[in-house]
Amino acid sequence: MKYTQLGRTGLKVSRLVLGTMNFGPQTDEADSHAIMDAALDAGINFFDTANVYGWGENKGRTEKIIGSWFAKGGERRDKVVLATKVYANMAADDNAWPNHDKLSALNIRRAVDASLKRLGTDYIDLYQFHHIDRDTPFEEIWQAIDVLVQQGKILYAGSSNFPGYKIAQANEAAARRGSYGLVSEQCLYNLAERRAEMEVIPAAQDYGLGVIPWSPLHGGLLGGVLKKETEGGRRASGRAADSLADPAVRAQVQAYEDLLDKHGLEPGEAALAWLLTRPGVTGPIVGPRTAGQLDSALRAAELELSEDVLAGLDEIFPGPGPSPEAFAW
């Protein structure tokens, strides 16, 4: 496993990030533990979760599964760079009082203590804002974060789903306070969705944030979905199915699969390997439901794409171009 610095920090993290969103809803506790053990054995040290994972009546379930895995010992917690998130309302759906969500100082304080309890740890390495909060000023957010850093409850702060201008606002507000600011941005970024290249990734690079792409296969669209349909496998659902309803997208995905088949490459592995070539990317989040899916991601981390393949991918999935030249002179 290769490692890199997380943005401008001295923290070393693996080029693949283990996403845990499926732990609980899709993968039971025993299999989740086995996947985490296999990831750690393979050298993946960067684990990502969120307080809301588990969803619905099971909000927080994923953090509890990670906590029970840490409790097995074997220096599991010490070896892991642990990232979780705050924003979503964690109260029961029929008991959602004000101040149970978003990024007020009150909710940040409440949420971090609850996450620490579920995770069975006394600190979180990377505490991420899951979404922008249009009602809370960054001065308040950084005051709350600085207190948590001083208390030793968190080490770094990151963002998720922030536009470029919010990354700038956040870190300018942090600089005025003498706070360290955001060190990472977790964003939707893959071959089929490259808008992050216009503003988000340049802002992240300028402010020293590592970029952590989520949904690297775009909900399965880039994982060989058409071949699986032809062979009678699992049909597309969610984001992939919605995208394939557009004939132009279906033709694009067919060209993508044909290109990779010509070069003897698996689509899902190539899509991950492509992200690892992109400027500013720390590592994509892989969210395996099974041990086999983790093995595929590990192969992608070792895959070297030729210039011909990279050029072909750019032709099929052209990026938006640099900002502002993409939309102005």
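The rules behind the values
Residues numbered from 1 in each chain as written. Predicted model: local features only at pLDDT ≥ 70, side-chain atom pairs only at ≥ 80, totals over all residues. Heavy atoms only, no water. Pairing = 2+ DSSP bridges. Helix = DSSP H or I, 4+ residues; strand = E, 2+ residues; numbered from the N terminus. Core = buried A, V, L, I, M, F, W, Y, C linked by side-chain atoms within 4.5 Å. Buried < 20%, exposed > 50% of the residue type's maximum accessible area, 1.4 Å probe, protein only. Contact = heavy atoms within 4.5 Å. Salt bridge = Lys/Arg side-chain N within 4 Å of Asp/Glu carboxyl O. 1 Å grid on protein atoms, 1.4 Å probe; cavity = no way out; pocket = protein on both sides within 12 Å on 5 of 7 lines; lining within 4 Å. Points joined across faces, edges and corners; volume = space filled by probe spheres on them. Nonpolar A, V, L, I, M, F, W, Y, C, P; charged D, E, K, R; others polar. Phe/Tyr/Trp six-rings, centres within 6.5 Å; stacked < 30°, edge-to-face > 60°. Lys NZ or Arg CZ within 6 Å of the ring centre and 35° of its normal. Axes fitted to C-alpha atoms, helices over the stretch in contact; angles between N-to-C directions. Parallel < 35°, antiparallel > 145°, perpendicular 65-115°, else oblique. Left-handed = near helix turned anticlockwise from the far one by under 90°. pLDDT = per-residue confidence, 0-100. Right-handed = clockwise from strand over helix to strand, strands pointing away.

Peer 1: Describe the sheet that holds strand β9 (residues 210-214), naming the residues involved and giving the relevant values.
Peer 2: One open sheet holds the 8 strands; their spatial order is β9-β8-β7-β6-β5-β4-β3-β10, and the pairing between them is parallel. For this open sheet the edge positions go to β9 and β10 (285-286), each flanked by a neighbour on one side alone. Pairing of strand β3 (residues 17-19) with strand β4 (residues 46-48), which is carried by 3 bridges, proceeds in the parallel orientation. From the neighbouring strand, L18 faces β4, where its bridge partner is F47.

Peer 1: With reference to specific residues and values, describe the nonpolar core.
Peer 2: One finds Y127, F129, W142, I145, Y256, L305 and L313 to be the most contacted residues of the largest nonpolar core, which totals 75 residues. Excluding its chain neighbours within four sequence positions, the residues that come into contact with F129 are V86, L103, I141, W142, I145, A157, G158, S159, S160, F162 and L182. Counting residues in hydrophobic clusters, the runner-up holds 12 residues, among them L6, L11, A83 and L126.

Peer 1: Which residues make up the pattern of salt bridges, and what are the values?
Peer 2: A full pass over the atoms with the stated rule returns 15 salt bridges. The salt bridge partner of D125 is R77, with a shortest N-O separation of 3.0 Å. Of this pair, D125 sits in strand β6 (residues 124-129) while R77 sits in helix α3 (residues 76-79), and the two are 48 residues apart along the sequence. D125 sits in the buried class, given a relative accessible area of 5%. On the basis of relative accessibility, which here comes to 10%, the residue R77 falls in the buried class.

Peer 1: Please set out the layout of surface pockets residue by residue, giving values where relevant.
Peer 2: Space inside the second largest pocket adds up to approximately 190 Å³. With 3 residues, the single largest contributor to the lining of the second largest pocket is strand β8 (residues 182-188). Grouping the amino acids of the lining of the second largest pocket by side-chain chemistry returns 7 nonpolar, 1 polar and 3 charged.

Peer 1: Tell me about the packing of aromatic side chains, and name the residues and values.
Peer 2: Within the structure shown, the criterion is met by 7 aromatic pairs. Between Y53 and W55 the ring centres are 5.5 Å apart and the planes differ by 45°, which places this aromatic pair in the tilted class. Between Y256 and F317, the aromatic rings sit 5.5 Å apart at their centres with planes inclined by 70°, giving edge-to-face as the arrangement. With a gap of 61 residues between them, Y256 in helix α10 (residues 247-262) and F317 in the segment after α13 (307-316) connect regions that are remote in the sequence. Taken as a pair, Y256 and F317 share a single burial class, namely buried. Three or more aromatic residues joined by ring pairs make a cluster, and in this case those are F47, W69 and F70. Geometry around Y180 places R8 over its ring, the cationic atom sitting 4.4 Å from the centre. A cation over a ring is seen here: R77 above Y123, with NZ or CZ 4.1 Å from the ring centre.

Peer 1: Break down the packing of helix α4 (residues 105-119) against helix α5 (residues 138-151) for me, citing the residues and quoting the values.
Peer 2: α5 packs onto α4 with a crossing angle of 30° between their chain directions and a minimal axis gap of 9 Å. Compared by their axis directions, α4 and α5 come out roughly parallel. As for the relative orientation of α4 and α5, their crossing is right-handed in sense. Contacts between α4 and α5 involve A105, I108 and V112 from the first element and E140, I141, A144, I145 and L148 from the second. Of the residues that constitute the contact of α4 with α5, the class distribution is 7 nonpolar, no polar and 1 charged.

Peer 1: With reference to specific residues and values, describe the confidence of the model for the protein.
Peer 2: Should pLDDT be low for a region, the predicted coordinates there are not to be read in detail. With 99% of its residues at a pLDDT of 70 or more, the protein has an overall mean of 96. No element of the protein has a lower mean pLDDT than helix α9 (residues 238-244), which averages 85, and none a higher one than β6, which averages 99.

Peer 1: Go over the pairing of β8, please, and point to the residues and values.
Peer 2: With respect to burial, β8 is a largely interior element, 6 of its 7 residues being buried. Between the parallel pair strand β7 (residues 154-160) and β8, the chain is carried across by helix α6 (residues 164-177), and the sense of this crossover is right-handed. Bridge count between β8 and β9: 5 bridges; the pairing is parallel. Pairing of Q186 across the sheet is with I212, part of β9. The β-α-β motif built from β8, the intervening helix α7 (residues 200-206) and the parallel element β9 has right-handed crossover chirality.

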